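Here is what each chain is made of, one letter per residue.
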Amino acid sequence: QNYRSIRVAGTLQLNKGSTVSVWIYSQSDASYYVQSESGFSCQKLTPATCSAGKAKATTVAAKPTKPQKPCQVPNGANADLRKNIPGRRGWTQAKNWKSSGNGYLYNAGGSLDEQTGRFTARTDGYFFCAAQARLDGASSSSIFRMLIAINNRRDTNNGLHVIDGNGGTGLR
């Protein structure tokens, strides 16, 4: 059986409440599947800040105490698809992720809505996001794209984008 792998990764600057999601585009193939071995992750790179101010060391009876830990909002997820997704011509959203089941899958702070496939930034900051998709039954003559879209906008100039395919040239 024919299959292709396509992947995209990079850093995104996101505002609190912004979402990112994975989309796959097929120029002409309507008979492929996004295989369940496909994955999606997004993790905040910079520490969260706290509006309560900076933690200060205090003294009690001339004995210093440890500073309080700064406020941190857990914000990261690593997930695999729960099951194969049938593809179609045009855009297909990868959703129905699973973020548990082994030691490598997680959903810190509930940032990933597994059903909708949307990861939500809980704070402003820089995030490293990556997606990898295995496309089973993918035609060698079709062009495929993958997009990690910001706020569900399927625009190849919005978020992270990759294109793959030979367009039927016979070159591989």
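See the structure printed just above.
In short, a report on the structure. (Residues numbered from 1 in each chain as written. Predicted model: local features only at pLDDT ≥ 70, side-chain atom pairs only at ≥ 80, totals over all residues. Heavy atoms only, no water.)

**Details of the pattern of salt bridges**
Two side chains with opposite charge may pair up if their charged atoms get near one another. Per the stated rule, a full pass over the model turns up five salt bridges. Between Asp164 and Arg4 there is a salt bridge, with the nearest N and O atoms lying 3.7 Å from each other. Placement of the pair is Asp164 in strand β16 (residues 160–164) and Arg4 in strand β1 (residues 3–14), with a sequence separation of 160 residues. Judged by relative accessible area, Arg4 falls into the buried class, the value being 4%. Ionic pairing is found between Asp155 and Arg153, a salt bridge with its closest N-O pair at 3.5 Å. By relative accessible area, Asp155 is classed as partly exposed at 28%. (Salt bridge = Lys/Arg side-chain N within 4 Å of Asp/Glu carboxyl O. Helix = DSSP H or I, 4+ residues; strand = E, 2+ residues; numbered from the N terminus. Buried < 20%, exposed > 50% of the residue type's maximum accessible area, 1.4 Å probe, protein only.)

**Here we look at the environment of Gln132**
With respect to the element layout, Gln132 can be found in strand β14 (residues 125–136). Once the C-alpha coordinates of Gln132 and Phe40 are considered, the two residues, 92 residues apart in sequence, prove to be 6.6 Å apart.

**Side note on unusual backbone geometry**
One non-glycine residue, Asn96, lies in positive phi territory at about 75°. Judged by relative accessible area, which is 18%, Asn96 ranks as buried. Even without being a glycine, Asn151 presents a positive backbone phi close to 55°. Tracing the backbone through its elements, the reader meets Asn151 in the loop between β15 (144–150) and β16.

**Examining the side chain of Ser41**
Inspection of the secondary structure assignment puts Ser41 in strand β4 (residues 39–44). A relative accessible area of 19% means that Ser41 is categorised as buried. Residues contacting Ser41, with those up to four places away along its chain left out, are Ala77, Asn78, Phe128, Cys129 and Ala130. (Contact = heavy atoms within 4.5 Å.)

**Structural notes on the packing of aromatic side chains**
Across all of its chains, the model carries four aromatic pairs by this definition. When the centroid spacing of 5.7 Å and the interplanar angle of 45° are considered together, the rings of Phe40 and Trp97 count as tilted. With Phe40 in strand β4 and Trp97 in strand β10 (residues 97–98), the pair connects residues that are 57 residues apart, well separated along the chain. Neither residue differs from the other here; Phe40 and Trp97 are each classed as buried. On the basis of an interplanar angle of 70° and a centroid distance of 5.9 Å, the ring pair of Phe119 and Phe127 is categorised as edge-to-face. When sorted by exposure, Phe119 lands in the same class as Phe127, which is buried. Its guanidinium or amino end placed over the ring of Tyr3, Arg134 lies 4.4 Å from that ring's centre, counting from NZ or CZ. (Phe/Tyr/Trp six-rings, centres within 6.5 Å; stacked < 30°, edge-to-face > 60°. Lys NZ or Arg CZ within 6 Å of the ring centre and 35° of its normal.)

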